[in-house]
Number of protein chains: 2
Amino acid sequence: MVMIKQAEGQKKSWTTRLDAKKKRIESVKGLVEGILIPTEHIVDAMEKLIRPGDRVVMEGNNQKQASFLSEALAQINPKKVHDLHMIMSSISRPEHLDLFEKGIAKKVDFAYAGPQSLRMAQMLEDGKLTMGEIHTYIELYGRLFIDLIPSVALVAADKADRNGNLYTGPNTEETPTLVEAAAFRDGIVIAQVNELLDELPRVDVPGSWIDFIVVADQPYELEPLFTRDPRHITDIQVLQAMTVIRGIYEKHQVQSLNHGIGYNTAAIELLLPTYGESLGLKGKICKHWALNPHPTLIPAIESGWVESVHCFGGEVGMEKYVAARRDVFFTGRDGSLRSNRTLCQMAGQYAVDLFIGSTLQLDHDGNSSTVTRGRLTGYGGAPNMGHNPGGRRHSTPAWLNMMTSEDPLAYGKKLVVQVVETFQAGNKPVFVESLDAIDVKKDSGLAIAPVMIYGDDVTHVVTEEGIAYLYKTDSMEKRREALSAVAGVTSVGLKHDSAKTAELRREGLIALPEDLQIRRTDAKRSLLAAKSVEEIVEWSEGLYEPPSKFKSW
Amino acid sequence: MVMIKQAEGQKKSWTTRLDAKKKRIESVKGLVEGILIPTEHIVDAMEKLIRPGDRVVMEGNNQKQASFLSEALAQINPKKVHDLHMIMSSISRPEHLDLFEKGIAKKVDFAYAGPQSLRMAQMLEDGKLTMGEIHTYIELYGRLFIDLIPSVALVAADKADRNGNLYTGPNTEETPTLVEAAAFRDGIVIAQVNELLDELPRVDVPGSWIDFIVVADQPYELEPLFTRDPRHITDIQVLQAMTVIRGIYEKHQVQSLNHGIGYNTAAIELLLPTYGESLGLKGKICKHWALNPHPTLIPAIESGWVESVHCFGGEVGMEKYVAARRDVFFTGRDGSLRSNRTLCQMAGQYAVDLFIGSTLQLDHDGNSSTVTRGRLTGYGGAPNMGHNPGGRRHSTPAWLNMMTSEDPLAYGKKLVVQVVETFQAGNKPVFVESLDAIDVKKDSGLAIAPVMIYGDDVTHVVTEEGIAYLYKTDSMEKRREALSAVAGVTSVGLKHDSAKTAELRREGLIALPEDLQIRRTDAKRSLLAAKSVEEIVEWSEGLYEPPSKFKSW
């Protein structure tokens, strides 16, 4: 037996993480009351509980932010705590980057940096920040259990009891996953809460996973990101929505799906009870959703289209509506929504027929990106849901419908749809010869170009011109022809030989609205089941309570 | 505003699930004591709590089984409860299929049916069972939140308290995910426990998610599936393990990985502290693992190779060892392992450099399958971890090392390795012209052939002949040449023109052991850090307590 072991005298410790944790907890004895950190002592406590070089995972995604803790972290003395390695789903708030300016933090691994993307790119250029990697959400969560195991987790919940049990209510989001990674690896878990209660409506995260609770000076930040005011939906978006309903959802029998936050998809949601109903599609398509509680889905729910919705997070103002529609949503015993970003991303990857999204740029091969020069926006959830999951083995009618080969080993495909107008506002073409992402890669020293969705995964591209059925093309040449045919007067579109249009239509590689029996003149906002937020409130029987910025009455 | 609503008089109910749940709970009032179902009343209680046609998710994977509940379910009166739609990770126990023989259940969706695969195929042929779909684990879990939302969840835990809080100990496994799907959709959750306690060592699932607890008449079944006795490792497996360490792990700097249950991978684990050490690779490769607590990893852990291990489940006998090595494993405050099948599969998909596995058949394009005629084994976790996750955006040295294109949008790839001997025991060739899966598809009426791992995803194939570097081949022809070159004297191997071997070696498309400076004569069992279970126990300082079937002393 070959045995390479250390000598008895220098016996290796296997509890260094636990010992460090105990020491840290010991060091705040005078500051805390049991597990409770008094609100005014949070900065002091953090200076003792967090050590230089720590890996700190901080809750904050596109909606919910541990804002009290991030503000406190930005106030700690960089002489005491510095060089932190931050892990954050989203870099959303100014103090997230102040951490780096001040030298408290040094390196960051993240998924999305929309609101701070410009400043972030600048700081990277100025050497004030070390880039880790950019991820899709669950890829980042996965690394928390492999090679980015956190020493500290800073999370947010609505309420806690004195045993540390957390109630996250509708916004459970990523809290349980971040806590699990730290709590079960002898990390320190600090949760900010809006309120301390004797008894919780339900427990979302068990108290034995939490080390410290602090009552925040104000409720955590919550962004109503998935609220789209129907007033801003245009006739062109109505046309595209009709095209998608007929030419994709009906054609392929799409029963389960995810929608993003665009006006395009809001238009689809609002056409189901009108245009969809007129086609006799109720009960046949769009039954199961991986989706945040979109207000624009309310008319479809009220009209009986929707069997189930599982949510990544909550949506401000939708609390009472969701609680009153518990046959449709996942709710706890208290009646309020239970969301779960990890599980919903997993379901959105593996268990739905279709992902539909939009983008700022599409190249001739169908690759798309939302990064533009000087901005490091990152990805969020789109790469996860907008690709064909190679591990999927179950079939559905829509998935099988993507099979174009007679090979005995052929299998289906997830539908990945890009809906764009050929030009963005400001006359910027969406179809481009080369993605800005390639320049961003060079400028930022990234290992790969930040592509949101790869062309290989895209099955359909929809524009105001029509649909390109990319999944049916059997060569790169045909694929490009189909894309050009719907790319309007962009440079990609101008490559189209209009003599080929008829052939592409005949082969079913593209469809124009008229091929789908859609008259362009019918595509009017008047078709929307609700044309304003006020009308959505009416559909909801007053249960939906929109944030004031969406109210005009 | 177009508003299609029902008339006031027939107002739709949105609480049908909650109402049904309340009624069911009401119906067992006389039988239960609060949330406690007396052991002897379990069958009676199930006959009231479960209704005909229910979707029932039952815990049971390749290791942990809710065996008391499955036995009880098989005893209920099919006149009272019938036509259940079962959702099960694994069809493992005889009563799992008795349910269908007796008419209690009708349809099944599952991930794996190894132990019952023969009987299952027969029952399907006899029309005694309706097949749903076959899944990889987290694909099935995903559907629990989309279109397979359960009405009832039957799960197993070690201990519960009187508030229903569950302690799952090292075998947390899939319990929290199955419970979450039912509990937050007004389903009924019944947990069998080995023991009822006043105070739990820790809480793994909160009590407010659980409806009923029943103390089982005996502990739930637990299979020590990941224990491989080094005595059964052959010299050929040692050779293959050396080849993998040099020709893949070292070459591509593989730092994070998953290993399956084979003797091939056990050999690799046992060579790290000997052969790996001699190559100076400690700290450079194999640092982070998504892996059950394999006893064969103990010598590598003790020698300081392993920084972290996240586990799908536990392993019988490894409890004390894991608790004593908490710097390496995920453990709770009580010191025992916290596993999580969902999170570990997610991490194993998205956050590791490499998956390595074995198979029973490989075709000329690298497609592999473990199904053989007359057996419906299903998939387990291999399709999930053994594919290139298209949503991944972060890079690591190994991942980038798979890039072979100069395209500005090129990206890396997960390493997916198949290690096989060219012939199985009984002289059955592993390399075949056509997979049996194709016949099984026809025989069973499956929508697609049950392929475990698709050739497109496979980057390396390792046999006793050498390594085929499939990721480097730029045409199907080259790919086949490389595969043939390592396929020995199987029919696929005999297609190899041995004149081409030198060219393939020169191009780096294959490597023979001698190209890796490995002498076949060095590949001896004596290189293994432990050659028996007894020696593993010795390495563990007596902390590993193997089940008696692995003991010879």
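Residues numbered from 1 in each chain as written. Chains lettered and ligands numbered in written order. Predicted model: local features only at pLDDT ≥ 70, side-chain atom pairs only at ≥ 80, totals over all residues. Heavy atoms only, no water.

### Regarding the relation of the copies chain A and chain B
Part 1 of the reasoning: By a simple turn and slide, chain A fits onto chain B: the slide is 0.0 Å along the axis, the RMSD is 0.0 Å, and the turn is 180°. In the structure described here, the two chain copies are related by an operation that fits a two-fold rotation axis. Taking C-alpha positions as the reference, the residue of chain A nearest the rotation axis is Pro206 of chain A, at 3.0 Å. (Least-squares fit on C-alpha atoms with pLDDT ≥ 70 in both.)

### A look at the packing of aromatic side chains
Part 1 of the reasoning: Counted according to the given criterion, the structure contains 10 aromatic pairs over all chains.
Part 2 of the reasoning: Geometrically, the ring pair formed by Tyr137 of chain B and Tyr141 of chain B is stacked, given 6.4 Å between the ring centres and 15° between the ring planes. Of the two residues, Tyr137 of chain B and Tyr141 of chain B both sit in helix 6 (residues 137–143), 4 residues apart, roughly one turn of that helix. There is no split in this pair, since Tyr137 of chain B and Tyr141 of chain B are both buried.
Part 3 of the reasoning: The ring centre of Tyr220 of chain A lies 5.5 Å from the NZ or CZ of Lys64 of chain A, which sits over that ring.
Part 4 of the reasoning: Taking the ring centre of Trp14 of chain B as reference, the NZ or CZ of Lys12 of chain B above it sits at 4.7 Å. (Phe/Tyr/Trp six-rings, centres within 6.5 Å; stacked < 30°, edge-to-face > 60°. Helix = DSSP H or I, 4+ residues; strand = E, 2+ residues; numbered from the N terminus. Buried < 20%, exposed > 50% of the residue type's maximum accessible area, 1.4 Å probe, protein only. Lys NZ or Arg CZ within 6 Å of the ring centre and 35° of its normal.)

### A closer look at the domain arrangement of chain A
All names here are of chain A.
Part 1 of the reasoning: Assigned domains within chain A: domain 1 (27–222) and domain 2 (230–536).
Part 2 of the reasoning: Taking only C-alpha atoms into account, the centre of domain 1 sits 33 Å from that of domain 2.
Part 3 of the reasoning: Domain 1 puts 33 residues into the contact, and the matching count from domain 2 is 32 residues.
Part 4 of the reasoning: Looking at the side of domain 1 facing domain 2, the largest losses of area belong to Ile138, Pro170 and Glu173, adding up to 22% of the total buried there.
Part 5 of the reasoning: Where domain 1 meets domain 2, there are 3 salt bridges.
Part 6 of the reasoning: Across the pair Arg341 and Glu173 runs a salt bridge, and its minimum N-O distance is 2.6 Å. (Domains from an automatic or database assignment. Contact = heavy atoms within 4.5 Å. Buried area = accessible area lost by both parts, 1.4 Å probe. Salt bridge = Lys/Arg side-chain N within 4 Å of Asp/Glu carboxyl O.)

### As for the side chain of His259 of chain A
Residues and elements named next belong to chain A.
Part 1 of the reasoning: Turning to its location among the elements, His259 is positioned in strand 12 (residues 256–259).
Part 2 of the reasoning: A polar atom in the side chain of His259 sits 2.7 Å from the side chain of Tyr249.
Part 3 of the reasoning: A polar side-chain atom of His259 sits 2.8 Å from a polar atom in the side chain of Glu269.
Part 4 of the reasoning: With sequence-adjacent residues up to four places away left out, His259 is seen in contact with Tyr249, Thr265, Ile268, Glu269, Trp289, Ala290, Leu291, His294 and Ile356. (Polar contact = N/O pair within 3.5 Å; in protein donor to acceptor, adjacent residues only side chain to side chain.)

### Things to note about the interface of chain A and chain B
Part 1 of the reasoning: Each partner contributes to the interface: chain A provides 112 residues, whereas chain B provides 112 residues.
Part 2 of the reasoning: Taken as a group, Trp14, Ile146 and Arg393 of chain A account for 10% of the area that chain A buries against chain B, more than any other trio of residues on that side.
Part 3 of the reasoning: For the pair chain A and chain B, the interface holds 8 salt bridges.
Part 4 of the reasoning: For the salt bridge of Asp211 of chain A with Arg333 of chain B, the shortest nitrogen-to-oxygen distance reads 3.2 Å.
Part 5 of the reasoning: For the interface between chain A and chain B, the tally reads 50 residue pairs in polar contact (both at pLDDT 80 or more).
Part 6 of the reasoning: The element contributing the most residues to the side of chain A that touches chain B is helix 12 (residues 341–350) of chain A, with 6 residues.
Part 7 of the reasoning: Residues of the side of chain A that touches chain B, tallied by class, amount to 54 nonpolar, 28 polar and 30 charged. (Nonpolar A, V, L, I, M, F, W, Y, C, P; charged D, E, K, R; others polar.)

### Topic: the sheet that holds strand 21 (residues 510–511) of chain B
Residues and elements named next belong to chain B.
Part 1 of the reasoning: With respect to topology, 8 strands assemble into an open sheet ordered 14-13-12-15-18-19-20-21, the strand pairing being mixed. Each edge of the open sheet carries a strand with a single partner, namely strand 14 (308–310) and strand 21.
Part 2 of the reasoning: Two elements, strand 12 (residues 256–259) and strand 13 (residues 288–290), share 3 bridges in a ladder whose sense is parallel. The residue bridging Leu257 from the neighbouring strand is Trp289, located in strand 13. (Pairing = 2+ DSSP bridges.)

### A closer look at the pairing of strand 2 (residues 55–58) of chain B
Residue and element names in this part refer to chain B.
Part 1 of the reasoning: Here 4 bridges tie strand 2 to strand 4 (residues 84–90), and the two strands are oriented parallel to one another. Paired with Arg55 across the bridge in strand 4 is His85.
Part 2 of the reasoning: With 3 bridges connecting them, strand 2 and strand 7 (residues 152–160) associate as parallel partners. Each residue of the ladder has a partner; that of Val56, found in strand 7, is Val152.

### Brief notes about empty space enclosed by the protein
Part 1 of the reasoning: Per the counting criterion, the structure on display carries 8 cavities of 30 Å³ or more.
Part 2 of the reasoning: What the largest cavity holds in volume is close to 230 Å³.
Part 3 of the reasoning: Looking at the largest cavity, it is lined by 21 residues, and the ones nearest its centre are Pro176 and Glu180 of chain A together with Pro176, Glu180 and Asn340 of chain B.
Part 4 of the reasoning: Along the lines of polarity and charge, the residues of the lining of the largest cavity split into 9 nonpolar, 6 polar and 6 charged.
Part 5 of the reasoning: As a volume, the second largest cavity reaches approximately 60 Å³.
Part 6 of the reasoning: Around the second largest cavity sit Arg202, Gly332 and Arg333 of chain A together with Lys21, Ala183, Phe184, Ser208, Trp209 and Asp211 of chain B, which together line it.
Part 7 of the reasoning: Counted by class, the lining of the second largest cavity contains 3 nonpolar, 2 polar and 4 charged residues. (1 Å grid on protein atoms, 1.4 Å probe; cavity = no way out; pocket = protein on both sides within 12 Å on 5 of 7 lines; lining within 4 Å. Points joined across faces, edges and corners; volume = space filled by probe spheres on them.)

### Topic: unusual backbone geometry
Working note: non-glycine residues mostly have negative phi, and peptide bonds are mostly trans.
Part 1 of the reasoning: For Glu541 of chain A, which is not glycine, the phi dihedral falls at a positive 60°.
Part 2 of the reasoning: With respect to the element layout, Glu541 of chain A can be found in the segment after helix 19 (533–539).
Part 3 of the reasoning: In this structure, Glu173 of chain B is a non-glycine residue whose phi angle is positive, near 55°.
Part 4 of the reasoning: Topologically, Glu173 of chain B is positioned in the loop between strand 8 (166–167) and helix 7 (175–183).

### A short note on the pattern of salt bridges
Part 1 of the reasoning: Following the criterion strictly, the structure yields 81 salt bridges over all chains and no others.
Part 2 of the reasoning: Glu59 of chain A is paired through a salt bridge with Lys64 of chain A; the nearest N and O atoms lie 3.0 Å apart. Here the two residues Glu59 of chain A and Lys64 of chain A agree in accessibility, since each one is buried.
Part 3 of the reasoning: A salt bridge links Asp334 of chain A to Arg202 of chain A; the nearest nitrogen and oxygen atoms lie 2.8 Å apart. One end of the pair, Asp334 of chain A, is in the loop between helix 11 (319–324) and helix 12; the other, Arg202 of chain A, is in the loop between strand 9 (188–196) and strand 10 (212–215), with 132 residues separating them in the sequence.
Part 4 of the reasoning: A residue is classified by how much of its surface remains accessible, and Asp334 of chain A, at 28% relative accessible area, is partly exposed.
Part 5 of the reasoning: Taking the relative accessible area as the measure of exposure, Arg202 of chain A reaches 2% and is therefore buried.
Part 6 of the reasoning: Through salt bridges that share partners, Glu180 of chain A together with Arg202, Asp204, Asp334 and Arg338 of chain B make up one connected network.

### Overview of the pairing of strand 5 (residues 105–112) of chain B
Residue and element names in this part refer to chain B.
Part 1 of the reasoning: In terms of strand pairing, strand 4 meets strand 5 through 6 bridges, oriented parallel. Bridging across to strand 5, Ser90 finds its partner in Tyr112.
Part 2 of the reasoning: After leaving strand 4, the chain enters helix 4 (residues 94–101) and then returns to the sheet as strand 5, a path that is right-handed.
Part 3 of the reasoning: Across 3 bridges, strand 5 lies against strand 6 (residues 130–134) in parallel orientation. The partner of Phe110 across the bridge, within strand 6, is Ile134.
Part 4 of the reasoning: Each parallel crossover has a hand, and the one from strand 5 via helix 5 (residues 117–125) to strand 6 is right-handed. (Right-handed = clockwise from strand over helix to strand, strands pointing away.)

### Section: the packing of helix 12 of chain A against helix 12 (residues 341–350) of chain B
Packed helix pairs are characterised by how far apart their axes lie and by the angle those axes make with each other.
Part 1 of the reasoning: In contact at an axis separation of 12 Å, helix 12 of chain A and helix 12 of chain B are set at 55° when each is read in the N-to-C sense. Relative to helix 12 of chain B, helix 12 of chain A is oriented oblique. Seen from above, helix 12 of chain A lies across helix 12 of chain B with left-handed handedness. Residues Thr342, Leu343, Met346, Gln349 and Tyr350 of chain A of helix 12 of chain A form the contact with helix 12 of chain B, whose own contacting residues are Thr342, Leu343, Met346, Gln349 and Tyr350 of chain B.
Part 2 of the reasoning: When its residues are assigned to classes, the contact of helix 12 of chain A with helix 12 of chain B shows 6 nonpolar, 4 polar and no charged. (Axes fitted to C-alpha atoms, helices over the stretch in contact; angles between N-to-C directions. Parallel < 35°, antiparallel > 145°, perpendicular 65-115°, else oblique. Left-handed = near helix turned anticlockwise from the far one by under 90°.)

### A few points about the sheet that holds strand 14 (residues 308–310) of chain A
Residues and elements named next belong to chain A.
Part 1 of the reasoning: Strand order in the open sheet formed by 8 strands is 14-13-12-15-18-19-20-21, and the pairing between neighbours is mixed. The open sheet terminates on both sides in strands that have one partner only, identified here as strand 14 and strand 21 (510–511).
Part 2 of the reasoning: As paired elements, strand 13 (residues 288–290) and strand 14 share 3 bridges and run parallel to each other. Along strand 14, the bridge assignment pairs Trp289 with Val309.

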